[in-house]
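Examination of the molecular architecture
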Amino acid sequence: RLLLAAPELMILDEPSNHLDIEATTWLEDFLVSSKQTLIVVSHDRYFLDKVTDRTLELFRGTIVSYRGNFTAYWKQKAERVEFEKRTYENQQTEIAKLEDFIRRNHHGQKHAQAEDRRRKLERIVPVDLPREILAPRIRFPEVERSGDIVLRAESVSKAFDRTLFRGLSIDILRGERWGIMGSNGTGKTTLLKCLLEESSLDEGQVTLGTGVKIGYFDQLLDNLGHDLPAVEIVRPPEKEFNEQQRRDLLASFGITGDMAFQPIHQLSGGEKNRVALARLAARDANLMVLDEPTNHLDLWGRDALEAAIRAFGGTVLFVSHDRFFLNRVADHLIVLEDGGFRIV
């Protein structure tokens, strides 16, 4: 309705939410070819790269404008933070030297020089700390080694009112990162659950390898206790994990202070997502299965999660619509489309 109205200014708040890749690509092409001015709020980095030519960064009640799309902003931001750090550190070094000279010579023969440095110190305009947005320090633990073949699917098929996939055979090897993508309704989450043997197959079989321990992240976050605090939700059932260890784990995922003791239903979507990821980390799983893990995460959280997954020593199987995430993380893709599939 908004696009058909063709207003002079379109304000879009997370327009790609709940859209599959095909629909998002169509929207991007439409917006790029339109003559309207756009103001877009989005966590979709691929979308921002395609559609925008200026980026406004909101941080602690202030706004800084950067030329270019998301990738241009990300590069400029890193360069700016590095410059601001050097400037701040150089000034702090200069201030420390002046203060030291004044302190040592205030009453000595170099009193006049010390007084001159005191006046110089008073004229210094303090440089602010770098405008740095800190990402959570997400990391997954070292895990026990599994067998070389982590999961084998042989001619698996599934249909409801129509065929979702038929005759799919794959071997997922230790250390690999497999992504599942496709349009809405193609059966991505169903395939994931079939591979985990949580949903029955119509044909074929799935075999887990030796020593495989599965950890599952649910995009709906349904398996989080509604009234439990985060510090209890991350408690693993099978090992000793004291409160301080749990709080330290939560802090590494950006859940700090009183947030750790709030009932989960009082947290935002992004905070719930990070609690669920922290709980996954506490399970010491060597096969992490993730269903839309970047949902609700901000740009810095997504970047930190991608780095953590790339550094993870186990195996990863995930569903995602986030093309930027797919490009950075997946080394194999299962693409579901029209009752069939492609392996890339």
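**Some points on helix α8 (residues 243–252)**
Listing the buried residues of α8 in full gives R246, L249, L250 and S252. Projected down its long axis, α8 carries its buried residues within an arc of 160°, all on one side. Those residues of α8 that are buried lie in contact with α7 (230–233) and α9 (269–282). N-capping of α8 is provided by N242, with a side-chain oxygen placed 3.1 Å from the backbone N of Q244.

**Quick notes on the environment of L195**
Turning to its location among the elements, L195 is positioned in helix α6 (residues 188–195). The spacing of L195 and T207 is 12 residues in sequence and 8.6 Å in space, taken between C-alpha atoms. Residues within four places of L195 in sequence aside, it is in contact with L151, A153, V206 and L317.

**Considerations on a nonpolar patch on the surface**
A grouping of L9, I11 and I39 is seen on the molecular surface, where their side chains present a nonpolar patch of about 290 Å² in accessible area. Position of I39 among the secondary structure elements: in strand β2 (residues 37–41).

**Let's talk about the sheet that holds strand β9 (residues 214–217)**
The strands making up a sheet are joined through hydrogen bonds of the backbone, oriented either antiparallel or parallel. In spatial order, the strands read β9-β10-β11-β7-β12-β13; together these six strands make up an open sheet with mixed pairing. Strand pairing shows two members of the sheet lacking a second neighbour, β9 and β13 (340–343), which therefore form its edges. Averaged over all pairs of adjacent strands, the angle between their axes in this sheet comes to 15°, without regard to strand direction. Two elements, β9 and strand β10 (residues 287–291), share four bridges in a ladder whose sense is parallel. Across the sheet, the residue bridging to Y216 is V289, located in β10.

**Describing the side chain of N286**
Secondary-structure assignment places N286 in the loop between α9 and β10. Reaching out from N286, the side chain makes a polar contact with the backbone oxygen of G211 at a distance of 2.9 Å. Among the polar contacts listed, one links the side chain of N286 to the backbone nitrogen of K213, at a separation of 2.7 Å. Ignoring sequence-local partners within four residues, the contact set of N286 consists of V143, E144, R145, S146, G211, V212, K213, F312, G314 and T315.

**With respect to the packing of helix α4 (residues 70–105) against helix α5 (residues 111–123)**
One can describe the packing of α4 onto α5 by two numbers: an axis separation of 9 Å at closest approach and a directional angle of 145°. Crossing hand, α4 versus α5: left-handed. Of α5, the residues touching α4 (which contributes E94, I95, L98, E99, F101, I102 and N105) are H111, Q113, A114, R117, R118, K120 and L121. A per-class count over the contact of α4 with α5 returns six nonpolar, three polar and five charged.

**Digging into the pairing of strand β3 (residues 54–59)**
A one-sided burial pattern is seen for β3, the buried positions being T55, E57 and F59 and the unburied ones R54, L56 and L58. Hairpin connection of β3 to strand β4 (residues 62–67): two residues between the antiparallel strands, including R60 at a positive phi of 50°.

**So, the pattern of salt bridges**
Summed over the entire model, instances satisfying the criterion amount to 30 salt bridges. R145 serves as the salt-bridge partner of D148, at 3.9 Å between the closest nitrogen and oxygen. Each member of the pair D148 and R145 is classed as exposed. Taking the shortest distance from any N to any O, the salt bridge between R166 and E203 comes out at 3.5 Å. With a gap of 37 residues between them, R166 in strand β6 (residues 163–173) and E203 in strand β8 (residues 203–208) connect regions that are remote in the sequence.

Thresholds applied
Residues numbered from 1 in each chain as written. Predicted model: local features only at pLDDT ≥ 70, side-chain atom pairs only at ≥ 80, totals over all residues. Heavy atoms only, no water. Buried < 20%, exposed > 50% of the residue type's maximum accessible area, 1.4 Å probe, protein only. Helix = DSSP H or I, 4+ residues; strand = E, 2+ residues; numbered from the N terminus. Arc of directions from axis to C-beta. Contact = heavy atoms within 4.5 Å. Polar contact = N/O pair within 3.5 Å; in protein donor to acceptor, adjacent residues only side chain to side chain. Patch = residues over 30% accessible without salt bridge, like charges linked within 9 Å, V, L, I, M, F, W, Y side chains within 5 Å. Areas by Shrake-Rupley, 256 points an atom, 1.4 Å probe, with all protein chains shown as cover. Salt bridge = Lys/Arg side-chain N within 4 Å of Asp/Glu carboxyl O. Pairing = 2+ DSSP bridges. Axes fitted to C-alpha atoms, helices over the stretch in contact; angles between N-to-C directions. Left-handed = near helix turned anticlockwise from the far one by under 90°. Nonpolar A, V, L, I, M, F, W, Y, C, P; charged D, E, K, R; others polar.

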